[in-house]
Amino acid sequence: MSSLALPAPRSRAWLTDVPVLAVAVVWGASYLAAKGVTTESTVLAVLVLRFGIVLPALVCAGWRGLRALSAAQWRGAGLLGLILSGIFLLETYGVVHTSATNAGLIISLTMIFTPLAEAAVTRTRPSRTFLGAAGLSVLGVVLLTQGGGFTTPSAGDLLMLLAALARTVHVLTMARVKSVEGADALSLTTVQLGSAVLVFALLCAVPGTGSTPWDTAAAFEPGDWASLLFLSVFCTLFAFFVQMWAVRRTSPSRVSLLLGTEPLWAAAAGIALGGERLGALGVLGAVLVLAGTSWGRRSAS
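Criteria and thresholds
- Residues numbered from 1 in each chain as written.
- Predicted model: local features only at pLDDT ≥ 70, side-chain atom pairs only at ≥ 80, totals over all residues.
- Heavy atoms only, no water.
- Helix = DSSP H or I, 4+ residues; strand = E, 2+ residues; numbered from the N terminus.
- Rg over C-alpha atoms; globule rule 2.2 N^0.38 Å.
- Axes fitted to C-alpha atoms, helices over the stretch in contact; angles between N-to-C directions.
- Left-handed = near helix turned anticlockwise from the far one by under 90°.
- Contact = heavy atoms within 4.5 Å.
- Nonpolar A, V, L, I, M, F, W, Y, C, P; charged D, E, K, R; others polar.
- pLDDT = per-residue confidence, 0-100.
- Core = buried A, V, L, I, M, F, W, Y, C linked by side-chain atoms within 4.5 Å.
- Buried < 20%, exposed > 50% of the residue type's maximum accessible area, 1.4 Å probe, protein only.
- Parallel < 35°, antiparallel > 145°, perpendicular 65-115°, else oblique.
- Phe/Tyr/Trp six-rings, centres within 6.5 Å; stacked < 30°, edge-to-face > 60°.
- Salt bridge = Lys/Arg side-chain N within 4 Å of Asp/Glu carboxyl O.
- Patch = residues over 30% accessible without salt bridge, like charges linked within 9 Å, V, L, I, M, F, W, Y side chains within 5 Å.
- Areas by Shrake-Rupley, 256 points an atom, 1.4 Å probe, with all protein chains shown as cover.

Draft legend 1. Fine view of the overall build of the chain. Helices and strands together make up the secondary structure of the chain, namely 14 helices and zero strands. Along the chain direction, N to C, the helices and strands of the chain fall in the order α-α-α-α-α-α-α-α-α-α-α-α-α-α. For the chain, the C-alpha radius of gyration of 19 Å lies close to 19 Å, the compact-globule estimate for 301 residues. Referenced to the eigenvectors of the C-alpha coordinate spread, the extents of the chain come out at roughly 50 × 45 × 30 Å.

Structure follows, in structure tokens:
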């Protein structure tokens, strides 16, 4: 039998969906926050700071659970952390080297990659209804992001495509790694983030990889620190704890579809906080994203 989590009953589905949707909201807002504090030379430094800030609190809160983890559970969580570090490296460098429009469009392909990968792993065929809903959502993202104009594909676009694939691998691995099934979500999240910080810190130690975390932090102004804390507490700690909690209570495809609304919330943050405008095509795209994800949620149930 497959180790993938069974979908929650319809009557309780919203109890899982709402926190996952909240993750999509904060992740959407993270594009605006990250662009305000990150440059090509500070990507690794910002990632070290972003993850390192929340680690002490996680370790203190989950010390008993960490001590209870078996060697196999440490290895499984460490593997998830390596995948997580790859996601953030690809996404952050990708955003630096491409437009926000392209980044939002390409990363949304996770909605398509995940059900297809899940079907391949479980040797089942995804329903036409679910694929139709995912396709409708992707069409909505295309229209939603056309306000900025789609530019010629670049190295950054390829990095975002790889990030979408890495997100799919992360979701499926969380659902299928048997060694972490008996561990609590807080402990697993702590080990994941700790593994990611270690990767980023080792890369920072390589000469020529950019500014150090200390120099970057010293140059931060109050607004930069506010953005970094938002990225650390909400977009990292809250987001990945909820994702690991939710994937055990519903299907990876359902989680991915809800997280696929991220570009919609990125546009909302740009309009409300960044002063951007959404044209007629963008409004239509937003409606299609909402309709597609709602349709897909019912299908996944």
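Past the structure itself, the notes keep going.
Draft legend 2. Spatial organisation of the packing of helix α2 (residues 43–61) against helix α9 (residues 185–204). Where α2 contacts α9, the axes come no closer than 9 Å and their chain directions differ by 145 degrees. Like other packed secondary-structure pairs, α2 and α9 cross with a definite hand, here left-handed. Of α9, the residues touching α2 (which contributes Leu44, Ala45, Leu47, Val48, Phe51, Gly52, Val54, Leu55, Leu58, Val59 and Ala61) are Leu186, Thr190, Leu193, Gly194, Ala196, Val197, Phe200, Ala201, Leu203 and Cys204. Each residue belonging to the contact of α2 with α9 can be placed in one class, and the counts come to 18 nonpolar, three polar and no charged.

Draft legend 3. Looking closely at the confidence of the model for the chain. Scored by pLDDT, the chain has a mean of 82; 90% of the residues are at 70 or more. Below a pLDDT of 50 lies the segment residues 1–7, which in the model reaches 22 contacts outside its immediate sequence neighbourhood of four places, other chains included.

Draft legend 4. Just the nonpolar core, in detail. Counting residues in hydrophobic clusters, the biggest one holds 36 residues, and the most contacted among them are Val20, Trp27, Leu47, Phe51, Phe88, Leu193 and Phe200. When residues of this core are traced back to their parent elements, those giving at least two are α1 (10–37), α2, α4 (71–97), α9, α11 (222–247) and α12 (252–259). For this core, the element with the highest residue contribution is α2, accounting for 10 residues. Contact partners of Phe200, with chain neighbours within four places excluded, come to Leu44, Leu47, Val48, Phe51, Ser85, Phe88 and Leu89.

Draft legend 5. Region of the structure containing the packing of α4 against α9. Two elements in contact, α4 and α9, have axes separated by 7 Å at closest approach and are oriented at 55 degrees. Looking at the two axes, α4 sits oblique to α9. The chirality of how α4 crosses α9 is right-handed. Contacts between α4 and α9 pair Gln73, Trp74, Ala77, Gly78, Leu80, Gly81, Leu82, Leu84, Ser85, Phe88 and Leu89 from the former with Leu188, Val191, Gln192, Leu193, Ser195, Ala196, Val199, Phe200 and Leu203 from the latter. Its residues assigned to classes, the contact of α4 with α9 comprises 14 nonpolar, six polar and no charged.

Draft legend 6. Molecular detail of the packing of aromatic side chains. Per the counting criterion, the structure on display carries four aromatic pairs. Between Phe51 and Phe200, the aromatic rings sit 5.3 Å apart at their centres with planes inclined by 70 degrees, giving edge-to-face as the arrangement. Taken together, the residues span a long stretch of sequence, with Phe51 in helix α2 and Phe200 in helix α9 at a distance of 149 residues. When sorted by exposure, Phe51 lands in the same class as Phe200, which is buried.

Draft legend 7. Highlighting the pattern of salt bridges. For the coordinates displayed, the defined rule picks out two salt bridges. Note that Arg167 is salt-bridged to Glu91, the shortest N-O span being 2.7 Å. Separated by 76 residues along the polypeptide, Arg167 in helix α8 (residues 155–176) and Glu91 in helix α4 bring together distant segments of the chain. On the accessibility criterion, Arg167 (11% relative accessible area) is buried. Since its relative accessible area comes to 13%, Glu91 is described here as buried.

Draft legend 8. Spotlight on a nonpolar patch on the surface. Residues Leu158, Leu161, Leu162 and Leu165 make up a contiguous nonpolar surface patch of about 310 Å² in total accessible area. The exposure class assigned to Leu165 is partly exposed, which follows from its relative accessible area of 38%.

Draft legend 9. Representation of unusual backbone geometry in the model. Positive phi, close to 60 degrees, is recorded for Arg123, a residue that is not glycine. Summarising the element assignment, Arg123 is placed in the loop between α6 (110–122) and α7 (128–144). Here Arg123 falls in the exposed class, since its relative accessible area comes to 80%.

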